[in-house]
Amino acid sequence: MSDFEVLSSRVHGKGVFATRHMAAGERVIEYVGEVITMAEAIRRHPHDRLNPDHTFYFHLDDGRVIDALYGGNDSKWINHSCRPNCAPDEVQGRIFINTRRQVYRGEELTFDYGLFSDEPMTEALKARYACRCGAKKCRGTMLAAD
């Protein structure tokens, strides 16, 4: 039995849910997919022309991008939250999703996407990346805090 399962999410589409209690600091899953250059990520964008701001990209510190649309696993379904229970950790060009605090069986796993854009930060841009996490202190967008 896996430590998590993919189910419908109240946050957005699909989500990843714990099937057991997890301690703080546990490694849950590696975010995997095809590792590509930023130029290739831009060429491939958008993955879905009907929903152009939705991708399965994860940017690495060295400028490369993991594209989980190709060769990805269930980690691509982990949703954003402004008050996440998990956090990504980059180790030698690999991304691991670890718990930040105790996670309870049945709880949805989340991390702060901290998305960025080359466009000027406007209310319209924030709205394009609207957050639906429901946290008390939700910042209203999946974009990185100013």
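Since the model is a prediction, treat every value here as computed from it, not as a measurement.

K.L.:
I would appreciate a short explanation of the environment of Asn51 in the present structure.
P.N.:
Following the sequence through the fold, Asn51 ends up in the loop between helix H1 (38-44) and strand S5 (57-59). For the pair formed by Asn51 and Gly13, sequence separation is 38 residues and the distance between their alpha carbons is 13 Å.

K.L.:
Help me out: how do you make sense of unusual backbone geometry in this one?
P.N.:
Peptide bonds are, in most cases, trans, and in most cases residues other than glycine have a negative phi. In this model, Gln92 sits at a positive phi of 50°, which is unusual for a non-glycine residue. With respect to the helices and strands, the residue Gln92 is situated in the loop between strand S8 (86-91) and strand S9 (94-99). For Gln92, a relative accessible area of 80% translates into the label exposed.

K.L.:
Would you take a moment to explain the sheet that holds S5 for this structure?
P.N.:
Pairing within the open sheet is antiparallel, and its three strands lie in the order S4-S6-S5. At either end of the open sheet lies a strand with only one pairing partner, and these are strand S4 (34-36) and S5. Taken over all neighbouring pairs, the strand axes of this sheet differ in orientation by 25° on average, direction set aside. As paired elements, S4 and strand S6 (residues 65-67) share three bridges and run antiparallel to each other. Bridge pairing in S6 links Glu34 to Asp67.

K.L.:
Before we go on, may I ask you to explain the environment of Ala41 in this structure?
P.N.:
For Ala41, the location among the structural elements is in helix H1. Residue classification places Ala41 among the buried positions, given a relative accessible area of 3%. Put simply, Ala41 and Thr122 are 81 residues apart on the chain and 24 Å apart in space, counted from C-alpha to C-alpha. For Ala41, the residues in contact, after removing those within four places along its chain, are Ile36, Tyr57 and Val65.

K.L.:
Is there a simple way to think about the packing of aromatic side chains in this case?
P.N.:
A ring pair, where both rings are aromatic, is described by two values, the distance of the centres and the angle of the planes. Under the definition given, this model contains four aromatic pairs. Note on Phe58 and Phe111: the rings are 5.9 Å apart at their centroids and 45° apart in plane angle, and the pair reads as tilted. Residue Phe58 is located in strand S5, and its partner Phe111 is located in strand S10 (residues 108-111); the two are separated by 53 residues in the primary sequence. When its relative accessible area of 5% is taken as the criterion, Phe111 is described as buried. Ring pairs connect the aromatic residues Tyr31, Phe58, Phe111 and Tyr113, which therefore count as one cluster. Sitting over the face of the ring of Trp77, Lys14 holds its NZ or CZ atom 4.4 Å from the ring centroid. Over the aromatic face of Phe56 sits the side chain of Lys76, whose NZ or CZ is 5.3 Å from the ring centroid.

K.L.:
Where do I start with the sheet that holds strand S3 (residues 27-31) in this structure?
P.N.:
Two orientations exist for strands paired in a sheet by backbone hydrogen bonds: parallel and antiparallel. The sheet built from three strands is open, its strands ordered S3-S9-S8 with antiparallel pairing. The sheet is open, and its two borders are formed by S3 and S8, each paired with just one other strand. Sheet twist, expressed as the average angle between the axes of neighbouring strands with direction ignored, equals 30°. As judged from the six bridges shared by S8 and S9, these two strands associate in the antiparallel manner. Counted as the bridge partner of Cys86 is Thr99 from S9.

The rules behind the values
- Residues numbered from 1 in each chain as written.
- Predicted model: local features only at pLDDT ≥ 70, side-chain atom pairs only at ≥ 80, totals over all residues.
- Heavy atoms only, no water.
- Helix = DSSP H or I, 4+ residues; strand = E, 2+ residues; numbered from the N terminus.
- Buried < 20%, exposed > 50% of the residue type's maximum accessible area, 1.4 Å probe, protein only.
- Pairing = 2+ DSSP bridges.
- Axes fitted to C-alpha atoms, helices over the stretch in contact; angles between N-to-C directions.
- Contact = heavy atoms within 4.5 Å.
- Phe/Tyr/Trp six-rings, centres within 6.5 Å; stacked < 30°, edge-to-face > 60°.
- Lys NZ or Arg CZ within 6 Å of the ring centre and 35° of its normal.

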